[in-house]
Amino acid sequence: MRWFETPTFNFVGNRKTAYIVSGILMIASITAIVSKGLQYGIDFKGGSEFVYKFSEPVNTVELRSLLTEPLGSAPEIKLFGSDVEVLIRTDNANTKEEVKVLIEDVFEAELPGITYESESGNYISPRFGDDLRSGALQSVIYAIAIIFIYILFRFRNWTFSAGAVAALVHDVTITLGIFTVLNEFVSFSLLIDQNIIAAFLTIVGYSLNDTVVVFDRIRENSIVHKGMEYLPMINKSLNDTLSRTVITSVTTLFVVLVLFIFGGEVLKGLSFALIIGVVLGTYSSLFVASPLVLELDKRTRKTK
């Protein structure tokens, strides 16, 4: 780690390459979201959920495959508390009783010799899901608006607010795009539910924390090094905080990786979102937020 003691990386000088990378990722993410639509869980679409206890462990991937055709879409299936208890969530629009019959018919036909008992069953109406979806969207928008105002008051400069919010939108949009694309290809659920919304708000907080640390150093350096031009000063600030940024990101990444590997099916989607968020948050604080502050500052000076 000695190369972090006095780093002199030209982050801002390579900003155009970063813009291209971010632009490609943003366009690909927005295209995926628009073409496929966001993949909501039953929290936001309505549906039924059941918990079953089996006489022996069952394969959740195989069970999802068996239930997909009878239910009309791939259900969300997770181990629930132990390896013989399974949570099944489906957006099938039939009544809870009708869905239960469909599921248990599959158990009888496809799982011979394995007994089961239903431990619980709930129905979530589509209207409740609409209200929840609207509330979740508003919470993310309000969080970003409050962050813009907070950064504006803290740094007395709207370019810092714009840079920070652009980085947050960048991180959340790309994470949503990755979820939309990978949902059909991974063995665990990446449907957007309340856990994932909580993960997105955590990503917003993590990304903002990293960005504010860099902005604080830019403000300090602008006072200490008054004669220095803006571009090298931002580069110096990014290098000054690089050790802290990398160590914080790596240690946080270790924690969420452990959560992803050992946290069980219920937490895989949430921990996967956090893994992407930590990586993107670190990238955007170095290559998106601060370079955008530089660009906006240059444009502002030209118009004066």
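Before reading on, note that the structure itself is shown above.
Here's the deal with the packing of helix H1 (residues 15-36) against helix H6 (residues 158-182)
It is the contact of H1 with H6, at a shortest axis distance of 8 Å, that shows an interaxial angle of 50°. Taken together, the axes of H1 and H6 are oblique relative to one another. Crossing of H1 against H6: the hand is left-handed. Counting all contacts with H1, which are made through Ser 22, Leu 25, Met 26, Ser 29, Ile 30, Ala 32, Ile 33 and Lys 36, the residues of H6 involved are His 170, Thr 173, Ile 174, Leu 176, Gly 177, Thr 180 and Val 181.

Overview of unusual backbone geometry
Unusually for a residue other than glycine, Arg 156 sits at a positive phi of about 55°. Among the structural elements, Arg 156 can be located in the loop between helix H5 (126-155) and H6. Residue class for Arg 156 comes out exposed when judged on its relative accessible area of 67%.

A look at helix H7 (residues 194-224)
The first and last C-alpha atoms of H7 sit 45 Å apart over 31 residues, in line with the 45 Å expected at 1.5 Å per residue. Between the side-chain oxygen at the start of H7 and the backbone nitrogen of Asn 195 there is a gap of 3.1 Å, and the oxygen is on Asp 193.

Description of the pattern of salt bridges
Any two side chains of opposite charge can pair, on the condition that their charged atoms come close. With the rule as written, the count across this model stands at 10 salt bridges. Residues Glu 76 and Arg 89 are paired through a salt bridge, measuring 3.9 Å at the closest nitrogen-oxygen approach. Of the two residues, Glu 76 is situated in strand E2 (residues 76-79) and Arg 89 in strand E3 (residues 85-90); the sequence distance between them amounts to 13 residues. Here Glu 76 falls in the buried class, since its relative accessible area comes to 3%. Within this structure, Glu 49, Glu 76, Lys 78 and Arg 89 form a network of salt bridges that share partners.

Digging into the sheet that holds E3
Pairing in this open sheet of four strands is antiparallel, and the strands run E2-E3-E1-E4 from one edge to the other. Each edge of the open sheet carries a strand with a single partner, namely E2 and strand E4 (116-124). Going from strand to strand, the sheet's axes swing by 15° on average, the running direction of each strand aside. Relative to E4, strand E1 (residues 47-54) runs antiparallel, the two sharing eight bridges. Residue Glu 49 lies in a different strand from E4, and its bridge partner there is Asn 122. Sheet strands in contact with helix H3 (residues 60-71) are E1, E2 and E3, and its direction is about 155° off that of E2.

Topic: the pairing of E2
Pairing of E2 with E3, which is carried by four bridges, proceeds in the antiparallel orientation. Its bridge partner being in E3, Lys 78 is matched across the sheet by Leu 87. Hairpin geometry of E2 and E3 is characterised by an intervening segment of five residues between the two adjacent antiparallel strands and by a positive phi of about 90° at Gly 81.

Focus on a nonpolar patch on the surface
On the surface, a cluster of nonpolar side chains totalling about 610 Å² of accessible area is made up of Val 250, Phe 254, Leu 257, Val 258, Ile 261 and Phe 262. Here Val 258 lies in helix H9 (residues 242-262). For Val 258, a relative accessible area of 47% corresponds to the partly exposed category.

Let's talk about empty space enclosed by the protein
Within the structure shown, the criterion is met by one cavity of 30 Å³ or more. Considering only enclosed or pocket space, the largest cavity measures out at about 60 Å³ in volume. Surrounding the largest cavity, Glu 76, Lys 78, Ser 189, Leu 191, Asp 193, Asn 195, Ile 196, Glu 265, Val 266, Gly 269 and Leu 270 form its lining. Here the lining of the largest cavity takes four residues from helix H10 (residues 265-303), the largest share from any one element. Residues that form the lining of the largest cavity fall into these classes: four nonpolar, three polar and four charged.

Some words on the nonpolar core
Membership of the largest hydrophobic core comes to 51 residues, with the highest contact counts inside it found for Ile 151, Phe 160, Phe 215, Ile 218 and Tyr 230. Secondary structure elements with two or more residues in this core: H1, H5, H6, H7, helix H8 (230-240), H9 and H10. It is H10 that contributes the most residues to this core, 13 residues altogether. For Tyr 230, the residues in contact, after removing those within four places along its chain, are Phe 160, Ile 218, Val 293, Leu 294 and Asp 297.

Points about the packing of aromatic side chains
Scanning all chains against the criterion turns up 16 aromatic pairs. With a centroid separation of 5.9 Å and an interplanar angle of 40°, the aromatic rings of Phe 179 and Phe 272 are classed as tilted. One end of the pair, Phe 179, is in helix H6; the other, Phe 272, is in helix H10, and 93 residues separate them in sequence. Grouping residues by exposure puts Phe 179 and Phe 272 together as buried. Through a chain of ring-to-ring contacts, three or more aromatic side chains come together here, namely Phe 50, Tyr 52, Phe 54, Phe 107 and Tyr 116. One Lys or Arg, Lys 268, reaches over the ring of Phe 260 and ends 4.5 Å from the middle of that ring.

The rules behind these values
Sequence order as written defines the numbering, with residues in each chain counted from 1. Confidence filtering applies because this is a predicted model: local features only for residues at pLDDT of at least 70, side-chain atom pairs given and counted only at 80 or more, and all residues used for totals across whole chains, interfaces and linings. Neither water nor hydrogens contribute to the side-chain values; these are computed over all heavy atoms in the structure. Under this scheme, a helix contributes an axis fitted over its contacting stretch, all axes are lines through C-alpha atoms, and angles between N-to-C directions fall in the 0 to 180 degree range. Where helices and strands are cited, they refer to DSSP runs of H or I of at least four residues and of E of at least two residues respectively, numbered from the N terminus. Angles below 35 degrees are treated as roughly parallel, those above 145 as roughly antiparallel, those between 65 and 115 as roughly perpendicular, and all remaining angles as oblique. For a crossing to be left-handed, the near helix must be turned anticlockwise from the far one by less than a right angle; the clockwise case is right-handed. Whether two residues are in contact is decided by their heavy atoms, any of which lying within 4.5 Å being enough. In this scheme, a residue with accessible area under 20% of its type's maximum is buried, one over 50% is exposed, and one in between is partly exposed, where area comes from a 1.4 Å probe on protein chains only. A helix is expected to span 1.5 Å multiplied by its residue count minus one. By the criterion applied in these results, polar contacts are pairs of N or O atoms within 3.5 Å in which, for protein atoms, one can donate a hydrogen and the other can accept it, and in which residues neighboring in sequence qualify only through two side-chain atoms. We define a salt bridge as a contact between a side-chain nitrogen of Lys or Arg and a carboxyl oxygen of Asp or Glu at a distance within 4 Å. Whether two strands pair comes down to DSSP finding at least two bridges between them. Residues enter a patch when their relative accessible area is above 30% and they make no salt bridge; the linking distance is 9 Å between like charges and 5 Å between nonpolar side chains (Val, Leu, Ile, Met, Phe, Trp, Tyr). For the accessible areas, the method is Shrake-Rupley and the probe is 1.4 Å, while residue cover comes only from the protein chains on display. Both site types are read off a 1 Å grid over the protein atoms alone. A 1.4 Å probe that fits but cannot get out defines a cavity, while an open set with protein on both sides within 12 Å along at least five of seven lines defines a pocket; lining residues have an atom within 4 Å of a point. Grid points are joined across faces, edges and corners, and a volume is the space filled by probe spheres set on the points. Classes in brief: Ala, Val, Leu, Ile, Met, Phe, Trp, Tyr, Cys and Pro nonpolar; Asp, Glu, Lys and Arg charged; the others, Gly included, polar. Among buried residues, those of type Ala, Val, Leu, Ile, Met, Phe, Trp, Tyr and Cys that are joined through side-chain atoms within 4.5 Å constitute a nonpolar core. Aromatic rings from Phe, Tyr and Trp, with only the six-membered ring used for Trp, were paired whenever their centres fell within 6.5 Å, and each pair was classed as stacked if the ring planes differed by under 30 degrees, edge-to-face if by over 60, and tilted otherwise. Should the NZ of a Lys or the CZ of an Arg lie within 6 Å of a ring centre and within 35 degrees of the ring normal, that charge is described as sitting over the ring.

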